[in-house]
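In case you want the letters, here they are:
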Amino acid sequence: LPAAMRGVVRAIGLVVCLAEMAAGFVMPGRMGLLQCKRHVNKVCSQIRMSRWSSPTWRWGYSQGDAHDMAFQLRRKLIDEPSRMDWLKHLVNGQNVEWEEVKVVLGLLWQRANREGWEGSEYYNAILNNMVEARYEGSQDSDKLLLADMEQGLHQISASQDLEVLMEVLGQADGDVSSHDFDRRLVALRVFMGFDFVKNGI
């Protein structure tokens with residue numbers, strides 16, 4: 001979401017929380033404020049989950065939310081050290097949201113298809129599904145994305161740098177049995193398969 005829109009969403013969420021406090025649904029004090037913060041984050045998360053189905057997303061166009069976010073991510077991931085650090089955050093689940101990962105994957109697959117990299121045709125088909133919002137709306141849809149990405153790994157895994165892969169995996173933290181960790185691990189293998197650290201997006 002644009003910064004201005006995020007501010008509006010958070011303001012609305014705060015108003016709702018204060019109203020719930022006044023009505024006695026939320027405790028006042030520190031715990032109440034913590035509950036408010038979680039509520040606002042949940043609202044923002046729900047909006048982010050609908051990003052690919054939003055009429056303002058417009059993937060592939062020179063104007064739209066997708067173009068704005070792509071510009072920001074290309075600046076963020078401008079060199080090899082920044083991409084390596086980003087992968088480490090991807091694995092440990094800190095400072096890299098899954099929706100951001102999907103956009104970076106989309107940019108990577110878009111470039112791979114444009115330049116004819118090995119395995120790009122398969123993953124470009126996944127990107128087309130993402131653009132059509134086939135992986136949005138539920139955890140089952142998200143699991144389908146995970147399965148589709150995993151199915152194509154044999155087409156790109158030969159180019160993985162195992163030394164870099166092990167360095168990144170050394171940053172793994174949290175619940176390694178969770179769905180979120182599974183999808184981040186598969187995404188990491190896709191990034192490594194396309195030599196993301198070296199090639200960028």
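Notes on the packing of aromatic side chains
- Inspection of every chain in the model, using the stated rule, returns ten aromatic pairs.
- An aromatic cluster is built from W109, W117, Y122, Y123 and F194, whose rings are joined through pairwise contacts.
- The side chain of R58 reaches across the aromatic face of Y61, ending 4.3 Å from its centre.

Quick word on unusual backbone geometry
- For A133, which is not a glycine, the phi torsion comes out positive at approximately 60°.
- Looking at where A133 falls in the secondary structure, it is placed in the loop between α6 (120–131) and α7 (139–151).
- Backbone geometry at D195 places phi at a positive 50°, although glycine is not the residue there.
- Within the fold, D195 resides in the loop between α9 (179–193) and α10 (196–199).

Observations concerning helix α5 (residues 98–115)
- Between its terminal C-alpha atoms α5 stretches 26 Å, which fits the 26 Å expected from 18 residues at 1.5 Å a residue.
- The buried fraction of α5 amounts to 14 of the 18 residues, a majority that puts the element mostly inside the structure.
- In the segment just after α5, G116 is the residue with positive phi, at about 70°.

Observations concerning the packing of helix α4 (residues 80–92) against α9
- Interaxial distance between α4 and α9 falls to 8 Å at its minimum, and their mutual angle equals 155°. Accordingly, the angle class assigned to the pair α4 and α9 is roughly antiparallel. Contacts between α4 and α9 involve W86, L87, H89, L90 and V91 on the former and, on the latter, F181, R184, L188, F191 and M192.
- Counted by class, the contact of α4 with α9 contains eight nonpolar, one polar and one charged residues.

A short note on the confidence of the model for the protein
- Per-residue confidence for the protein gives a mean pLDDT of 79, with 65% of residues at or over 70.
- α6 holds the highest mean pLDDT among the elements of the protein, 97, whereas helix α2 (residues 29–49) holds the lowest, 51.
- Long-range and interchain partners of residues 40–49, a stretch whose pLDDT sits below 50, account for 14 contacts in this model, where long-range means more than four residues apart.

Let's talk about the pattern of salt bridges
- A complete count under the given rule lists eight salt bridges for this structure.
- Between E136 and K102 there is a salt bridge, with the nearest N and O atoms lying 2.6 Å from each other. Here E136 is found in the loop between α6 and α7, whereas its partner K102 is found in helix α5, with 34 residues between them in sequence. No difference in accessibility class separates E136 from K102, as the two residues are buried.
- Residues R183 and D142 are paired through a salt bridge, measuring 2.6 Å at the closest nitrogen-oxygen approach. Of this pair, R183 sits in helix α9 while D142 sits in helix α7; the two residues are 41 residues apart in sequence, bridging distant segments of the chain. The burial state of R183 is the same as that of D142; both residues are buried.
- Several salt bridges share partner residues, and in doing so they unite D142, D180, R183 and R184 into one network.

Observations concerning the nonpolar core
- Counting residues in hydrophobic clusters, the biggest one holds 45 residues, and the most contacted among them are W86, W109, M149, F191 and F196.
- Sort the elements by how many residues they give to this core and α5 lands first, with nine residues.
- Setting aside residues no more than four positions away along its own chain, W86 makes contact with K76, L77, V96, E100, V101, V104, F191 and F196.

Cut-off values and rules
Residues numbered from 1 in each chain as written. Predicted model: local features only at pLDDT ≥ 70, side-chain atom pairs only at ≥ 80, totals over all residues. Heavy atoms only, no water. Phe/Tyr/Trp six-rings, centres within 6.5 Å; stacked < 30°, edge-to-face > 60°. Lys NZ or Arg CZ within 6 Å of the ring centre and 35° of its normal. Helix = DSSP H or I, 4+ residues; strand = E, 2+ residues; numbered from the N terminus. Expected span 1.5 Å × (residues − 1). Buried < 20%, exposed > 50% of the residue type's maximum accessible area, 1.4 Å probe, protein only. Axes fitted to C-alpha atoms, helices over the stretch in contact; angles between N-to-C directions. Parallel < 35°, antiparallel > 145°, perpendicular 65-115°, else oblique. Contact = heavy atoms within 4.5 Å. Nonpolar A, V, L, I, M, F, W, Y, C, P; charged D, E, K, R; others polar. pLDDT = per-residue confidence, 0-100. Salt bridge = Lys/Arg side-chain N within 4 Å of Asp/Glu carboxyl O. Core = buried A, V, L, I, M, F, W, Y, C linked by side-chain atoms within 4.5 Å.

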